[in-house]
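# Fold and geometry: a report
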Amino acid sequence: MLTPPHHYLFGPIVMEDVKWISVALVTFQISLRERDSHIHFGDGLLREQGQLYPDLDMHQVDELLDMAA
């Protein structure tokens, strides 16, 4: 899969000399429900975090989603 260089993905968006947005980091967090139907936020076996930008690192999130499927 080809992706453009990082500087083309998320701004900065500048209009009339005003910087409106410049994304530096995008993360993704997922928590799965326990068998007792409760969601336990924080650290644990059923919680993972990944990064979408600037570096793609979603391996642990993918593993947790595979486990849930």
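Residues numbered from 1 in each chain as written. Predicted model: local features only at pLDDT ≥ 70, side-chain atom pairs only at ≥ 80, totals over all residues. Heavy atoms only, no water.

## Describing the overall build of the protein chain
Helix and strand counts for the protein chain stand at one helix and four strands. Listed by position from the N terminus, the elements making up the protein chain come as β-β-β-β-α. When the 69 residues of the protein chain are sorted by exposure, 13% land in the buried category. Restricting to contacts in the protein chain with at least 6 residues of sequence separation, those with at least 24 account for 36%. Summing over all exposed atoms, the protein chain offers an accessible surface of approximately 6100 Å²; the carbon and sulfur share of this is 56%. (Helix = DSSP H or I, 4+ residues; strand = E, 2+ residues; numbered from the N terminus. Buried < 20%, exposed > 50% of the residue type's maximum accessible area, 1.4 Å probe, protein only. Contact = heavy atoms within 4.5 Å. Areas by Shrake-Rupley, 256 points an atom, 1.4 Å probe, with all protein chains shown as cover.)

## So, unusual backbone geometry
Trans peptide bonds make up the majority, and among non-glycine residues the majority have a negative phi. Cis geometry is found at the peptide bond from Tyr 53 to Pro 54, where omega equals 10 degrees. Tracing the backbone through its elements, the reader meets Pro 54 in the loop between β4 (47-53) and α1 (59-68). At Glu 16, a position not held by glycine, the phi torsion is positive, near 50 degrees. Within the secondary structure, Glu 16 sits in the loop between β1 (13-15) and β2 (18-21). Despite not being glycine, Asp 17 has its phi angle at roughly 65 degrees, a positive value. Within the element layout of this structure, Asp 17 appears in the loop between β1 and β2. What makes Asp 17 exposed here is its relative accessible area of 79%.

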